[in-house]
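Here are the chains, one letter per residue:
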Amino acid sequence: MTKILAIDDEKIYLNLIIHALSEQDYQIETASSGSEGIQKARDFTPDLIITDVMMPKMSGYEVTRLLRKEEAFAHTPILMLTAQVDMKAKLEAFESGADDYLTKPFAPEELAARIIALLRRAERTKPIRSESAIEEKSRLIAVHSLRGGTGCSSLAVNLSLGMYSLWQKPTILLDLAMTAGQVALMLNAPLKRTWADLARFGAEDIDLEAINSVINQHESGLSFIPAPTLPSEATPLEKETLNTALKMLRHEFSYIIADLPHDFNPMTLSTLDEADLILLLVAPEMASIRAAAAAVDTYTKLGYPPEKINLVLNAVVPRSGLSKEKIESALALSITVTIPYIADKFVHAINYGQPLVSRYPEDMVTGLLEDFAFHLSQNEHKKSKPSAPSQTWQRVYRRHKARKKRQINHFPSW
Ligand SMILES: Nc1ncnc2c1ncn2[C@@H]1O[C@H](COP(=O)(O)OP(=O)(O)OP(=O)(O)O)[C@@H](O)[C@H]1O
Ligand SMILES: [Mg+2]
């Protein structure tokens, strides 16, 4: 029987919850304070938790944050009951790790419907198990730039979704921008557990269970590990721990896409070393070109072969006066793909928490990103038509045929 724990300091609301859920076959436990709630959660191991926000001593945000620190509650759906409806309350609910929130007073039917939806979603997005290990090789793609605001996170998020919808193979997005993680926000996903929850592990004692506890599932089926949004919580992982984690993830995922911070810190270096491909982003402005030149110089010193590096020109400004050719000659590298300036759509996508490729499937830039995802895919996948081609694959193929007819070749490997 499904077990539900309700935490609220007001008895009347606890009764209302019991009443609202009486039609369903749930076993319900109640607690009248945050600390009692946490204790009951440990004893009762509920399938779902409802918590009020405004409680004396310990708020619902605090309860949620503390529960998320425990591996056992990494994925338990949590619904918050809040009196406020403003943006701040909504953000705080998601940042503490709640899956959903409902404003008080609520209709009993509304509560029941939300609970059913949350339980269904939890069932659909169960974390990976070790027996799901993939047999094939995996490909790790790192998205990097030494200058902020060049579109690393936007590219990483859209590429991951594109890759997953193209092949429907296990795909994971890693947000390694530890002090300024944006991925969860871009995916409109609550911040449950993050890389910081793995920081206490050494390379020898990290295991699949620990890694699973920080893997979140987006509704599309894409997996992701978020970075903490508060710099104060951004405890870095030991280089060796991250290395071990990346190797373990390679057994579970066909594609791993890492959104890196704009530096060469030890976590960034580990990921760049381990990556099969690096997408170096450059914007059409002098500071970004200089940063890209410094990155290329460092990659060379690190001994990365030139074919590991893909230069991506992202027009984050409308008219810059710097042509693709000028940038290519300044960096002595050719540009693999140019993403045009499309400010409104990228910003809408962030504000609605629905990335470009999902929000605007027919857009020209979505097409470009899907084609790019294909270009970066493993030869094993690219070489023949999948037995059940996804819609994304069919779109990519149609565009490829049209280009071939007109003898245009965007991506060298086609
Ligand atoms: N092609 C584009 N056209 C217009 N705006 C863009 C484009 N690509 C990205 N942007 C915008 O530029 C801003 C920065 O993008 P994003 O957050 O992806 O970059 P970042 O390199 O990850 O930045 P940060 O330094 O915050 O990590 C966002 O507001 C995004 O919407
Ligand atoms: Mg970013």
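Rules of the game
Residues numbered from 1 in each chain as written. Chains lettered and ligands numbered in written order. Predicted model: local features only at pLDDT ≥ 70, side-chain atom pairs only at ≥ 80, totals over all residues. Heavy atoms only, no water. Pairing = 2+ DSSP bridges. Helix = DSSP H or I, 4+ residues; strand = E, 2+ residues; numbered from the N terminus. Axes fitted to C-alpha atoms, helices over the stretch in contact; angles between N-to-C directions. Contact = heavy atoms within 4.5 Å. 1 Å grid on protein atoms, 1.4 Å probe; cavity = no way out; pocket = protein on both sides within 12 Å on 5 of 7 lines; lining within 4 Å. Points joined across faces, edges and corners; volume = space filled by probe spheres on them. Nonpolar A, V, L, I, M, F, W, Y, C, P; charged D, E, K, R; others polar. Buried < 20%, exposed > 50% of the residue type's maximum accessible area, 1.4 Å probe, protein only. Polar contact = N/O pair within 3.5 Å; in protein donor to acceptor, adjacent residues only side chain to side chain. Phe/Tyr/Trp six-rings, centres within 6.5 Å; stacked < 30°, edge-to-face > 60°. Lys NZ or Arg CZ within 6 Å of the ring centre and 35° of its normal. Domains from an automatic or database assignment. Near = heavy atom within 4 Å. Areas by Shrake-Rupley, 256 points an atom, 1.4 Å probe, with all protein chains shown as cover. Arc of directions from axis to C-beta. Salt bridge = Lys/Arg side-chain N within 4 Å of Asp/Glu carboxyl O.

J.: Would you mind going over the sheet that holds strand β2 (residues 26–31) with me for this structure?
T.: The pairing of strands in a sheet happens through backbone hydrogen bonds and is either parallel or antiparallel. Taken in spatial order, the five strands of this open sheet run β2-β1-β3-β4-β5, and their pairing is parallel. The open sheet has two edge strands with one neighbour each: β2 and β5 (100–103). Each strand axis lies, on average, 20° off the axis of its neighbour in the sheet, ignoring direction. Two strands pair when backbone bridges link them, and strand β1 (residues 2–7) and β2 are joined in this way by six bridges, in the parallel orientation. For Ile7, the partnering residue across the bridge sits in β2 and is Ala31. On the sheet, helix α1 (residues 11–20) packs against β1, β2, β3 (48–52) and β4 (78–82) and is oriented at approximately 175° with respect to β2.

J.: Before we go on, may I ask you to explain empty space enclosed by the protein in this structure?
T.: Rolled over the atoms, a probe sized like a water molecule indicates the empty space that remains. All chains considered together, the criterion is met by one cavity of 30 Å³ or more. Within this model, the largest cavity holds a volume of roughly 60 Å³. Secondary-structure elements contributing two or more residues to the lining of the largest cavity are α6 (152–167) and α13 (343–352). For the lining of the largest cavity, a count of residues per class yields seven nonpolar, three polar and no charged.

J.: Help me understand the side chain of Arg395 in this model?
T.: Here Arg395 is to be found in helix α17 (residues 391–405). With a relative accessible area of 17%, Arg395 lands in the buried category. Looking at Arg395, its side chain comes within polar contact range of the side chain of Glu370, at 2.6 Å. Here Arg395 is in contact with Pro361 and Glu370, once residues within four sequence places are set aside.

J.: How should the packing of aromatic side chains be read in this particular structure?
T.: Two aromatic rings, taken as a pair, are described by how far apart their centres are and by the angle between their planes. Considering all chains together, one arrives at six aromatic pairs under this definition. Aromatic pair Tyr13 and Phe106: ring centres 6.1 Å apart, planes at 40°, arrangement tilted. Of this pair, Tyr13 sits in helix α1 while Phe106 sits in the loop between β5 and α5 (108–124), and the two are 93 residues apart along the sequence. Aromatic pair Tyr299 and Tyr304: ring centres 5.9 Å apart, planes at 35°, arrangement tilted. Like Tyr299, the residue Tyr304 is buried in the burial classification. Each member of the aromatic cluster is reached from another via a ring pair, and the members are Phe264, Tyr299 and Tyr304. Over the aromatic face of Tyr304 sits the side chain of Lys308, whose NZ or CZ is 4.1 Å from the ring centroid.

J.: Help me understand the pairing of strand β13 (residues 335–339) in this model?
T.: The side chains of a regular strand alternate between the sheet's two faces. The element β13 is largely enclosed, with a buried count of four among its five residues. Both strand β12 (residues 309–314) and β13 contribute to a ladder of four bridges, which runs parallel. Pairing of Leu311 across the sheet is with Ile335, part of β13.

J.: Help me out: how do you make sense of the layout of surface pockets in this one?
T.: Volume-wise, the second largest pocket comes out at about 430 Å³. Residue lining of the second largest pocket: 20 residues in total, with Lys90, Leu91, Leu185, Asn188 and Ile350 positioned closest to the centre. At the level of secondary structure, the elements contributing two or more residues to the lining of the second largest pocket comprise α4 (87–96), α7 (183–186) and α13. Sort the elements by how many residues they give to the lining of the second largest pocket and α4 lands first, with five residues. In the lining of the second largest pocket, the residues fall into eleven nonpolar, six polar and three charged. When we break the lining of the second largest pocket down by domain, the ones giving at least three residues each are domain 1 (2–124) and domain 2 (134–405).

J.: Looking at this structure, I do not really get the site of ligand 1. What am I missing?
T.: Ligand 1 sits among 20 residues. The nearest are Gly151, Ser153, Ser154, His262 and Asn314. One nitrogen or oxygen atom from the main chain of Ala315 is found 3.3 Å from a nitrogen atom belonging to ligand 1. If ligand 1 stood free it would expose 630 Å²; the protein chains cover 81% of that surface. Elements supplying a minimum of two residues to the shell around ligand 1: α6 and α13. Residues belonging to the shell around ligand 1 are distributed by class as follows: twelve nonpolar, eight polar and no charged.

J.: Any chance you could explain α1 here in plain terms?
T.: Side chains of residues three or four places apart in an α-helix project in the same direction, reflecting 3.6 residues per turn. Of the residues making up α1, those classed as buried are Tyr13, Leu14, Ile17 and Ala20. Looking down the long axis of α1, one finds its buried residues gathered within 130° of arc, a one-sided arrangement. Those residues of α1 that are exposed and angled more than 90 degrees off the buried face are Lys11, Ile12 and His19. Close packing links the buried residues of α1 with β1, β2, β3, β4 and α5.

J.: What am I meant to see in the pattern of salt bridges here?
T.: Close approach of charged atoms lets side chains of opposite charge pair. One pass over the structure, following the stated rule, counts 25 salt bridges. Its salt-bridge partner being Arg250, residue Asp276 comes within 3.2 Å of it at the nearest N-O pair. Taken as a pair, Asp276 in the loop between α10 (266–274) and β11 (277–282) and Arg250 in helix α9 (residues 239–252) lie far apart in primary sequence, 26 residues in all. Take Asp276: its relative accessible area is 34%, and that puts it in the partly exposed class. Since its relative accessible area comes to 17%, Arg250 is described here as buried. The closest approach of N and O atoms between Lys345 and Asp363, which form a salt bridge, is 2.5 Å. Here Asp363 lies in the loop between α14 (356–359) and α15 (364–375) and Lys345 lies in helix α13, a separation of 18 residues in the sequence. In this structure, a network of salt bridges that share partners links the residues Glu370, Asp371, Arg395, Arg399 and Arg403.

Interpretation in functional terms is not warranted from these geometric data alone.
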